[in-house]
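Take a look at the letters that make up each chain.
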Amino acid sequence: IPLALEGRDLIVSAQTGTGKTAAFMLPALSAIANDPRKAGRGPRVLVLTPTRELAQQVTAAAEKYGSGMNQLRYVSVLGGMPFPAQNRLLSRPYDIMVATPGRLLDHMSRGRIVFERLEMLVLDEADRMLDMGFIDDVEQIAAACPPDRQTLFFSATFEDRMAKLAATLLKDPQRIDIAGH
């Protein structure tokens, strides 16, 4: 958390249940609280997850951690939710977006999402995203984000292909390994 608060790019290798969501969401909420009215459109924080279920868990955690912050808005962009309902959510101001890559790209291709005020990109369970074939999607989404963003890369494992992806997405990252039980 301290390194994320400093604005460092991070590669974090940690198993499920080690507090990864808090490790990225608390610094994200802190950044928003320090500058609550940042101008522009789109999210300030984008969290990419491999599955709808994880996206829902991350959104619920964000809502819980940020419950004391006035006017903080969240949006989930994921498959299984009708496009008209998501379009309504995207038409309102929001600070934090939690998304799955496929559905996010659908909305991006329709011009419904811009990243002009994005400060933080989080790849949660990056290893699973790659296992599920989302590497090209992740790279396309990252390319649409501002180059001066902070990127946090969370994965249970860290293999050669993870290192290659991290090398293209992160700037001088700090590596953190959290041992499991």
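Residues numbered from 1 in each chain as written. Predicted model: local features only at pLDDT ≥ 70, side-chain atom pairs only at ≥ 80, totals over all residues. Heavy atoms only, no water.

Caption draft 1: The arrangement of the layout of surface pockets in detail. For the largest pocket, the calculated volume is near 440 Å³. By residue class, the composition of the lining of the largest pocket is ten nonpolar, five polar and eight charged. Size it by volume and the second largest pocket reaches roughly 200 Å³. Forming the boundary of the second largest pocket are Thr-16, Gly-17, Thr-18, Gly-19, Lys-20, Thr-21, Leu-54, Gln-57, Val-58, Ala-61, Asp-124 and Glu-125. Elements represented by at least two residues in the lining of the second largest pocket include exactly helix 2 (20–34) and helix 3 (52–65). It is helix 3 that provides the largest number of residues to the lining of the second largest pocket, a total of four residues. When the residues that make up the lining of the second largest pocket are grouped by side-chain class, the tally is three nonpolar, six polar and three charged. (1 Å grid on protein atoms, 1.4 Å probe; cavity = no way out; pocket = protein on both sides within 12 Å on 5 of 7 lines; lining within 4 Å. Points joined across faces, edges and corners; volume = space filled by probe spheres on them. Nonpolar A, V, L, I, M, F, W, Y, C, P; charged D, E, K, R; others polar. Helix = DSSP H or I, 4+ residues; strand = E, 2+ residues; numbered from the N terminus.)

Caption draft 2: Expanded view of the sheet that holds strand 2 (residues 45–48). As summarised here, the arrangement of the seven strands in space is 3-4-2-5-6-1-7, forming an open sheet in which the pairing is parallel. One side of each edge strand has no neighbouring strand; the edge strands of this open sheet are strand 3 (74–77) and strand 7 (174–177). When the angles between neighbouring strand axes are averaged without regard to direction, this sheet yields 15°. Across four bridges, strand 1 (residues 10–13) lies against strand 6 (residues 150–155) in parallel orientation. Along strand 6, the bridge assignment pairs Ser-13 with Ser-155. (Pairing = 2+ DSSP bridges. Axes fitted to C-alpha atoms, helices over the stretch in contact; angles between N-to-C directions.)

Caption draft 3: How the structure looks around helix 4 (residues 83–90). Three or more residues of helix 4 are buried, namely Ala-85, Gln-86 and Leu-90. Looking down the long axis of helix 4, one finds its buried residues gathered within 135° of arc, a one-sided arrangement. Turning to helix 4, the residues buried within the fold contact strand 3, strand 4 (96–99) and helix 5 (101–109). (Buried < 20%, exposed > 50% of the residue type's maximum accessible area, 1.4 Å probe, protein only. Arc of directions from axis to C-beta. Contact = heavy atoms within 4.5 Å.)

Caption draft 4: Representation of the packing of aromatic side chains within the structure. Per the stated rule, a full pass over the model turns up one aromatic pair. The ring of Phe-83 is capped by Arg-103, whose NZ or CZ atom sits 4.1 Å from the centre of that ring. Positioned over the ring face of Phe-83 is Arg-110, at 4.9 Å from the centre of the ring. (Phe/Tyr/Trp six-rings, centres within 6.5 Å; stacked < 30°, edge-to-face > 60°. Lys NZ or Arg CZ within 6 Å of the ring centre and 35° of its normal.)

Caption draft 5: Spotlight on the pairing of strand 3. Neither face of strand 3 is left uncovered, since the one carrying Tyr-74 and Ser-76 and the one carrying Val-75 and Val-77 both have all their residues buried. Examined bridge by bridge, strand 3 and strand 4 share four bridges and lie parallel to one another. Following the sheet pairing, Val-77 is matched in strand 4 by Ala-99. As a crossover connection, the stretch from strand 3 through helix 4 into strand 4 is right-handed. (Right-handed = clockwise from strand over helix to strand, strands pointing away.)

Caption draft 6: Highlighting the pattern of salt bridges. Scanning all chains against the criterion turns up five salt bridges. The salt bridge partner of Asp-9 is Lys-171, with a shortest N-O separation of 3.8 Å. Here Lys-171 lies in the loop between helix 8 (160–169) and strand 7 and Asp-9 lies in the loop between helix 1 (2–5) and strand 1, a separation of 162 residues in the sequence. Accessibility expressed as a relative area gives 3% for Asp-9, which makes it buried. Given the relative accessible area of 42%, Lys-171 is considered partly exposed. Note that Glu-119 and Arg-44 form a salt bridge whose closest N and O atoms lie 2.5 Å from each other. A residue pair is termed long-range when its members are at least 10 positions apart, and Glu-119 in the loop between helix 5 and strand 5 (120–123) and Arg-44 in the loop between helix 2 and strand 2 qualify at 75 residues. (Salt bridge = Lys/Arg side-chain N within 4 Å of Asp/Glu carboxyl O.)

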